[in-house]
Amino acid sequence: MEEMITLTIDSKEVKVPKGTSVLDAAKMIQVEIPTLCYHPDLHPSAACGICIVKINGKMLRSCCTPAEEGMEVITRDPDIIEARRTVLKLTLSKHPNECLTCQKNEMCELQSLAGKFGIRANAFDNITPTPFEMPKDASTKCIVLDPRKCILCGRCVEVCQHIQNVWALSILDRSVKTHIAPAGDSRLADSPCIKCGQCTAHCPTGALVEYDDSERVWSMLQEKDNYCVVQIAPAVRVSMGEAFGYEPGTVTTGKIYAALRKMGFKAIFDTNFGADVTIMEEGSEFVERFVNGNGVLPMITSCCPAWVDFMEKFYPDMIPHFSTCKSPHAIVGALTKTYYAEKIGVEPSKIKVISIMPCTAKKFEILRSKEMFASGFQDVDVSLTTREICRMIKQAGIDFVNLQEERADSPLGEYTGAATVFGFTGGVMEAALRTVHYLVTGQEMNKEDLEVKPILGVEKGIKEMTLNLAGKEVRICVAHGTGNVETVMKRLQEAKEKGEEPPYHFIEVMACNGGCIGGGGQPLGVTDEIRKARMAGLMSDDEFSEFRCSHQNPSIKKLYEEFLGKPLSEKSHHLLHTSYQPIPLYKR
Amino acid sequence: MAENESQEKIKEDTQKLLTKWKNKRGALIMALHDIQGLFGYVPWEAMEVTAKEMGVPMARIYAVLTFYNYFKLKAPGKVIISVCDGTACHIKGAQGLLDAFYNCLGLKDGQTTEDGLFHLQVVRCLGCCGLAPVIVVNGKTYGKNTPADVQKIIAEWREKMAETQGV
């Protein structure tokens, strides 16, 4: 039984479990305290001071003050409002007035607080001029860091260091020179940054945003000779609606297809088709390793580009364990410029493939190695985040809510339920097991065995299970958030040192918490509640699919009959597989 | 080649020095002090070795180094020029001397020339106000300077360093 505490907030009594912060206690009785540096995903850092309240007469920050028995809390009186206004004015005194042209316009937490508090003039103009040049860092072409817009709340550092365990960003220098940057003031592209974009998902201002490729896509669409093809990732269909007023998790696939067609794309494909191909290849690769002993175990999934970057930087000795299979959008890119181009008789140089991803690292992935040009051209030309495509749809004046649902184009638009679950943690494993089961036993998995596995769900960072496959035990591990990887790697290392069998045969890792549904390119404001809702949306998409296993997809069967031959064929290897290289943490 | 060799030497020396600190919790700042004591500054290669040996991310090491004013991140230069800007020297024209150093060497307070030869620092009173404005170069004191003297001082030290160290 949890120990309960009673305190009074604005003359109202409230009972909360011991350890609850005053801020959270207030939320329980619908008392809204403004916050700026606080984020429910992160440890409170008490950096900004906006959430100040009076506790037994003293002014304290509610985000990091635990509730105590008998506390008397006042959350609003003229003194408190004045203190909060002063905090805001001080923050604004060092913040450029560029809201109209800022990428975060209308989505900035600082802007909306300034609006709420009615700040009408810059009260401390020029008292603290910026002491040194702080240029923008767009070196990754995934994430843009503009230190001038940084308010030093520390959220990006917290998520980069403690949730992701990447330690690319830190708070450097002191006093008026304090700023956020990688060690050595290196460019992000020369730092350990894995481009996961979690910093952009947690930054309250325009200091960290996605690299905006939307203008490039508009000009591609304008060029008459271009044959523009688009594909959407699994996790995009359950998050995009949020930008148009839908509840998180609403599946809006049909409306997204319709909107993209209205924007001028000639063919609407689905990354889910690529996910089904990934399963055919990766599933077969696992069977090769597990049943036939060709290759090392455990095998580790490789469809998350931020995870691939993380592994190449932090665990290069794990390279032989990585599946060589490309990620789904890269597969759709390569097949569009070969298989599809042949089918419709269009010169592949005229085809432009744009992928809509929940992810900033995908922008990096499309250029990461020579294998990303397997078709003879750049397989995916531009990768846009969910946030960018939402803005583009609004720019185009498309009435998203009232769109008639449409279907994707054939053949790279057909997908199974196994593909759609790629969008959340455990989903790739789930999808792979459905097909691996069939490949090993020759029988389909029982319906009641689908999706009840303990590897699904966003609550636990590391999930394990054992599956019986034709009398052989398959030990499985699923981790999400690169901060959880170290534990898994240690377990592997320990077993190796003791000369024991590896603790797992098959490991799935997604760099972001929750998997792609919580990706760094998704609509802002994500919390665990929203991650769960998005996951539920994808699970219902799976449940109502006609086919629920990748190998059952008729278009996939046709692809292998007509074009690839069989999984892991020479053609598959050329078009659908890749390789990995160690990358130093810092380039100087 | 020479640069690679000196980088390797820095790595080796740092590794040796860290044997004393690497299994101690909370010893990062002490270790960094030792490194600066050895090299006169904290070289990037030494930070990388420290990160590895002590299991501390570079991001934290660099944050510590830039937080504390004491730590230097660049080699301080072979010829250290201290220009006094204490009250007396300030009144007697220290700013003119600093301008002259900037014009001749392109140096501002705390900077080192790219060849690593000259380092300029502004100091407060050196206790010989009768000689204001004062410049001290590697322990040698120059008094009652004018901007024209700055050029002479630079030429003198260039010559001296060329003779003794071949630079």
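Residues numbered from 1 in each chain as written. Chains lettered and ligands numbered in written order. Predicted model: local features only at pLDDT ≥ 70, side-chain atom pairs only at ≥ 80, totals over all residues. Heavy atoms only, no water.

Draft legend 1. Structural view of the overall build of chain B. Counting its regular elements, chain B contains 7 helices and 4 strands. Going from N to C terminus, chain B has its helices and strands arranged as α-α-α-α-β-α-α-β-β-β-α. Once the C-alpha set of chain B is aligned to its principal axes, its extents read approximately 55 × 35 × 20 Å. Here chain B holds 167 residues, and 43% of them are scored as buried. In chain B, the proportion of contacts linking residues at least 24 apart, taken out of those at least 6 apart, comes to 58%. Counting 20 positive and 18 negative side-chain charges, chain B places the centres of these two groups 7 Å from one another. (Helix = DSSP H or I, 4+ residues; strand = E, 2+ residues; numbered from the N terminus. Buried < 20%, exposed > 50% of the residue type's maximum accessible area, 1.4 Å probe, protein only. Contact = heavy atoms within 4.5 Å. Lys, Arg positive; Asp, Glu negative; His and termini not counted. Charge placed at Lys NZ, Arg CZ, Asp CG, Glu CD.)

Draft legend 2. Region of interest: the sheet that holds strand β13 (residues 351–357) of chain A. Residues and elements named next belong to chain A. Strand order across the open sheet formed by 4 strands is β11-β10-β13-β14, with parallel pairing between neighbours. Taken across any chain shown, the strands that pair with only one partner, and hence form the sheet edges, are β11 (267–270) and β14 (382–385). Averaged over all pairs of adjacent strands, the angle between strand axes in this sheet comes to 25°, irrespective of strand direction. By the bridge criterion, 4 bridges tie strand β10 (residues 227–232) to β11 in an arrangement that is parallel. Looking across to β11, one finds that Q231 is bridged to F269. (Pairing = 2+ DSSP bridges. Axes fitted to C-alpha atoms, helices over the stretch in contact; angles between N-to-C directions.)

Draft legend 3. Broad picture of the side chain of A:E365. Residues and elements named next belong to chain A. When you line up the elements, E365 lands in helix α11 (residues 362–365). Within the structure, the side chain of E365 is placed 2.9 Å from the side chain of H329, a separation counted as a polar contact. In contact with E365, other than residues within four places in its own chain, are P305, S327, H329 and M372. (Polar contact = N/O pair within 3.5 Å; in protein donor to acceptor, adjacent residues only side chain to side chain.)

Draft legend 4. Main features of unusual backbone geometry. The omega torsion across A:L297 and A:P298 is -5°, close enough to zero to call that bond cis. Among the structural elements, A:P298 can be located in the loop between α8 (271–290) and β12 (299–300). In this structure, B:P133 follows B:A132 across a cis peptide bond, with omega equal to -5°. With respect to the helices and strands, B:P133 occurs in the loop between β2 (118–123) and β3 (135–137). Here the phi dihedral of A:N56 falls at roughly 45°; this positive angle occurs in a residue that is not glycine. Relative to the elements of secondary structure, A:N56 occurs in the loop between β3 (52–55) and β4 (58–61). The exposed category is assigned to A:N56, whose relative accessible area is 56%. Within the chain, A:E106 stands out as a residue other than glycine whose phi angle is a positive 75°. Judged by its relative accessible area of 74%, A:E106 is exposed.

Draft legend 5. Up close: the pairing of strand β16 (residues 472–480) of chain A. Residue and element names in this part refer to chain A. In terms of strand pairing, strand β15 (residues 462–469) meets β16 through 8 bridges, oriented antiparallel. If you follow K463 over to β16, its bridge partner there is V478. Between the end of β15 and the start of β16, which pair antiparallel, lie 2 residues, with A470 showing a positive phi angle near 50°. Relative to strand β17 (residues 506–510), β16 runs parallel, the two sharing 5 bridges. What sits directly across from V478, in β17, is E508. After leaving β16, the chain enters helix α15 (residues 485–497) and then returns to the sheet as β17, a path that is right-handed. (Right-handed = clockwise from strand over helix to strand, strands pointing away.)

Draft legend 6. The arrangement of the interface of chain B and chain A in detail. Residue-level contacts link 12 residues of chain B with 14 residues of chain A. Each partner contributes to the roughly 1100 Å² buried at the junction of chain B and chain A, and carbon and sulfur atoms together form 66% of this total. Linking chain B with chain A are 0 salt bridges. Summed over the shared surface of chain B and chain A, the number is 3 residue pairs in polar contact (both at pLDDT 80 or more). When contributions to the side of chain B that touches chain A are tallied by element, the ones reaching two or more residues are α3 (44–54) and α4 (58–67) of chain B. (Buried area = accessible area lost by both parts, 1.4 Å probe. Salt bridge = Lys/Arg side-chain N within 4 Å of Asp/Glu carboxyl O.)

Draft legend 7. Spatial organisation of the domain arrangement of chain B. Partitioning chain B into domains gives domain 1 (2–67) and domain 2 (79–165). Inter-centroid distance (C-alpha atoms) of domain 1 of chain B to domain 2 of chain B is 31 Å. (Domains from an automatic or database assignment.)

Draft legend 8. Representation of the nonpolar core within the structure. Formed by 110 residues in total, the largest nonpolar core has its most connected members in A:L169, A:F265, A:W307 and A:I476. There are two domains that each give this core at least three residues, and those are domain 2 (93–210) and domain 3 (215–576) of chain A. With residues near it in sequence (within four places) discarded, A:F265 still touches A:V217, A:L221, A:C228, A:V229, A:V230, A:L260 and A:I354. In this structure, A:L172, B:A31, B:V42 and B:L65 belong to the second largest nonpolar core, which totals 30 residues. (Core = buried A, V, L, I, M, F, W, Y, C linked by side-chain atoms within 4.5 Å.)

Draft legend 9. Looking closely at a nonpolar patch on the surface. Together, B:I29, B:F67, B:Y68 and B:Y70 give the surface a local cluster of nonpolar side chains, amounting to about 360 Å² of exposed area. Along the chain, the position of B:F67 falls in helix α4. (Patch = residues over 30% accessible without salt bridge, like charges linked within 9 Å, V, L, I, M, F, W, Y side chains within 5 Å. Areas by Shrake-Rupley, 256 points an atom, 1.4 Å probe, with all protein chains shown as cover.)

Draft legend 10. Looking closely at the packing of aromatic side chains. Tallied over the full model, the rule gives 16 aromatic pairs over all chains. Note on A:F286 and A:F290: the rings are 5.3 Å apart at their centroids and 10° apart in plane angle, and the pair reads as stacked. Here A:F286 pairs with A:F290, and both are found in helix α8, just 4 residues apart, close to one helical turn. On the accessibility criterion, A:F290 (9% relative accessible area) is buried. Measuring from centroid to centroid gives 5.5 Å for B:Y70 and B:F71, while their planes differ by 75°, and the two rings are edge-to-face. (Phe/Tyr/Trp six-rings, centres within 6.5 Å; stacked < 30°, edge-to-face > 60°.)

Draft legend 11. Inspection of the sheet that holds strand β1 (residues 79–84) of chain B at higher detail. Residue and element names in this part refer to chain B. Strand order in this open sheet of 4 strands is β2-β1-β3-β4, and the pairing throughout is mixed. The open sheet has two edge strands with one neighbour each: β2 and β4 (140–142). Neighbouring strand axes in the sheet, compared pairwise and without regard to direction, differ in orientation by 20° on average. Here β1 runs beside β3; their pairing, made up of 3 bridges, is antiparallel. Residue pairing across strands places S82 opposite V136, the latter belonging to β3. Its contacts with the sheet place helix α6 (residues 94–105) against β1, β2 and β3, and it is angled at close to 150° to β1. The strands touched by helix α7 (residues 147–165) are β1, β2, β3 and β4; relative to β4, the strand with the most contacts, the crossing angle is about 160°.

Draft legend 12. How the structure looks around the layout of surface pockets. Residue and element names in this part refer to chain B. As a volume, the largest pocket reaches approximately 1700 Å³. Considering the residues around the largest pocket, the lining is formed by 43 residues, among which F71, K72, L73, K74 and G110 are closest to the centre. Elements that contribute at least two residues to the lining of the largest pocket include exactly α1 (2–18), α3, α4 and β2. Of the residues that constitute the lining of the largest pocket, the class distribution is 16 nonpolar, 14 polar and 13 charged. (1 Å grid on protein atoms, 1.4 Å probe; cavity = no way out; pocket = protein on both sides within 12 Å on 5 of 7 lines; lining within 4 Å. Points joined across faces, edges and corners; volume = space filled by probe spheres on them. Nonpolar A, V, L, I, M, F, W, Y, C, P; charged D, E, K, R; others polar.)

Draft legend 13. A look at the side chain of B:E45. Residue and element names in this part refer to chain B. Mapping E45 onto the fold places it in helix α3. Of the buried charged residues, E45 lacks a salt bridge, with K11 as the closest side chain of opposite charge at 6.6 Å. Excluding anything up to four places from it in sequence, E45 contacts Q7, I10 and K11.

Draft legend 14. Quick peek at the packing of helix α7 (residues 253–263) of chain A against helix α12 (residues 386–395) of chain A. All names here are of chain A. Look at α7 against α12: their axes get within 11 Å of each other, and the N-to-C directions meet at 60°. In terms of their interaxial angle, α7 and α12 are classed as oblique. Considering how the two elements wind past one another, α7 and α12 form a crossing that is left-handed. Here A259, L260 and M263 of α7 come into contact with α12, specifically with I389, M392 and I393. When grouped by side-chain class, the residues that make up the contact of α7 with α12 number 6 nonpolar, no polar and no charged. (Parallel < 35°, antiparallel > 145°, perpendicular 65-115°, else oblique. Left-handed = near helix turned anticlockwise from the far one by under 90°.)

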